[in-house]
Amino acid sequence: MAEKTHKQTLGTLYDSVRNAYRQAGCAGPGHRARQLLDYLGIAAPGEALTYPDKVVSDAEINKVQDGLTRNLAGEPVSRISGHREFYGLDFLLSKETLDPRPETELIVDLVRKRFTDPDQALSILDLGTGTGCLLITLLTLYPESCGVAVDISEGALRTAYGNARCHHVEARMACVCGDWHQALTARFDVIVANPPYIAREVIPGLAESVRRFDPILALDGGKDGFMEYKKIFSGLERLFYPHSRAYFEIGYDQENGIMRLAEESRVASCKVHPDNGGNSRVAEIACGDK
Ligand SMILES: C[S@@+](CC[C@H](N)C(=O)[O-])C[C@H]1O[C@@H](n2cnc3c(N)ncnc32)[C@H](O)[C@@H]1O
């Protein structure tokens, strides 16, 4: 890290952060340095290269120093900055929320592919909302729609409501603190969920950035990874209209398991979609027409 001077520039700050990542043996040190500066609100991506003479303040240098130290100690940049981009929108995180993952964006893509009219008034249910990233993104894409965000964690729901306010959709989003769909009696056009689906015995071997910073309530899928899915599938059909669709995120090795669960339940069809990496990622469920 460069020493503080009265006129440190963005270029020298960027170089010193990149060198620190390089010396620590991190892959892609330049990318990581740009990402840190971006997430901490110091410089937009690319600005360090295109606007290197910009003067940075001592407070900014201290912020970057602190962020760099925490990041090198294993804390994700999103946790340090307290926010994460999902589908082009910014979401605040809290200790009770999962840090949204880019692969979850596939759920939004699949909803858009099926429900092609953005002016449609859809009712949307988000089971295990966390930051609210799925429901809030869908409500911004379908401005006539409304939705219900469910989470068992009050803290997560508080964060989701805050994010809904930031994106001006709070008037169209109800928050329910409860166990999946147990308290719900309504039907929905679209149901989305990214429940905890990691087998319990796998959790100790997860990357430190996940194990230490994502809440266990967002990860733990019980003995076989399907404990929460079994609860979600039980009575699921009462939430569906014939035209409704549900989109559930699954682990790369859970295609057979989710197909089995779907067969045992009274859903009509279950199709698994791969993510960009070719891994099974989202199960699309229908209860009426296929
Ligand atoms: C993997 S996180 C997904 C968060 C968010 N939907 C996303 O994709 O980033 C799973 C969420 O389910 C919530 N959850 C866990 N058990 C639950 C339950 N029994 N009922 C409702 N929500 C639950 C957790 O608190 C967590 O917010």
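Predicted model, so just to flag it, every value in this text is computed and none were measured.

Some thoughts on the packing of helix α6 (residues 105-114) against helix α7 (residues 133-141)
Interhelical geometry of α6 versus α7 gives an angle of 35° and a closest axis separation of 10 Å. Between α6 and α7 lies a crossing of right-handed hand. Where α6 abuts α7, its residues I107, V108, V111 and R112 lie against L134, T137, L138 and L141. Each residue belonging to the contact of α6 with α7 can be placed in one class, and the counts come to 6 nonpolar, 1 polar and 1 charged.

Here we look at the pairing of strand β7 (residues 240-249)
For a regular strand, the rule is simple: side chains alternate between the two faces of the sheet. Among the 10 residues in β7, 7 count as buried, and that is most of the element. Direction of pairing for β7 relative to strand β9 (residues 280-286): antiparallel, over a ladder of 5 bridges. Paired with Y247 across the two strands is E284, which belongs to β9.

A closer look at the site of the ligand
Around the ligand there are 22 residues in total, and G128, G130, I152, N194 and A218 lie nearest to it. Among the secondary structure elements, those contributing two or more residues to the shell around the ligand are α7 and β4 (146-151). Its residues assigned to classes, the shell around the ligand shows 12 nonpolar, 7 polar and 3 charged.

Things to note about the sheet that holds strand β3 (residues 123-127)
Strand order across the open sheet formed by 7 strands is β5-β4-β3-β6-β7-β9-β8, with mixed pairing between neighbours. Two strands bound the open sheet, and with one partner strand each, they are β5 (173-177) and β8 (269-274). Going from strand to strand, the sheet's axes swing by 20° on average, the running direction of each strand aside. Relative to β4, β3 runs parallel, the two being bridged by 5 bridges. Note on β4: the bridge partner recorded for S123 is C146. Across the sheet, helix α11 (residues 255-264) is in contact with β8 and β9; its angle to β8 comes to roughly 165°.

Examining helix α1 (residues 10-23)
Between its terminal C-alpha atoms α1 stretches 20 Å, which fits the 20 Å expected from 14 residues at 1.5 Å a residue. Where α1 is buried, its residues meet α2 (29-39), α3 (47-50) and α4 (58-72). In the segment just after α1, G25 is the residue with positive phi, at about 80°.

Quick notes on unusual backbone geometry
Positioned with a positive phi, Y87 is a non-glycine residue whose angle comes to about 50°. Secondary-structure assignment places Y87 in the loop between β1 (83-86) and β2 (89-92). Residue class for Y87 comes out partly exposed when judged on the 19 C-beta atoms lying within 10 Å of it. For W180, which is not glycine, the phi torsion reads 45° and is therefore positive. Tracing the sequence through the fold places W180 in the loop between β5 and β6 (188-193).

Details of the environment of E47
Examined against the element boundaries, E47 turns out to sit in helix α3. Given 16 C-beta atoms within 10 Å, E47 falls into the partly exposed group.

Description of the nonpolar core
Judged by nonpolar contacts, the single largest core of 47 residues is most densely connected at I124, L135, I191, V192 and F248. The leading source of residues in this core is α7, at 6 residues. Apart from residues lying up to four places away in sequence, L135 is in contact with I124, D126, T129, G147, A149 and M173. Counting residues in each nonpolar core, the second largest holds 18 residues, with Y14, V17, L37 and A43 among its members.

Quick notes on the rules
Residues numbered from 1 in each chain as written. Predicted model: local features only at pLDDT ≥ 70, side-chain atom pairs only at ≥ 80, totals over all residues. Axes fitted to C-alpha atoms, helices over the stretch in contact; angles between N-to-C directions. Helix = DSSP H or I, 4+ residues; strand = E, 2+ residues; numbered from the N terminus. Left-handed = near helix turned anticlockwise from the far one by under 90°. Contact = placed C-beta atoms within 7 Å. Nonpolar A, V, L, I, M, F, W, Y, C, P; charged D, E, K, R; others polar. Buried ≥ 20, exposed ≤ 12 C-beta atoms within 10 Å, placed from the backbone. Pairing = 2+ DSSP bridges. Near = placed C-beta within 6 Å. Expected span 1.5 Å × (residues − 1). Core = buried A, V, L, I, M, F, W, Y, C linked by C-beta atoms within 7 Å.

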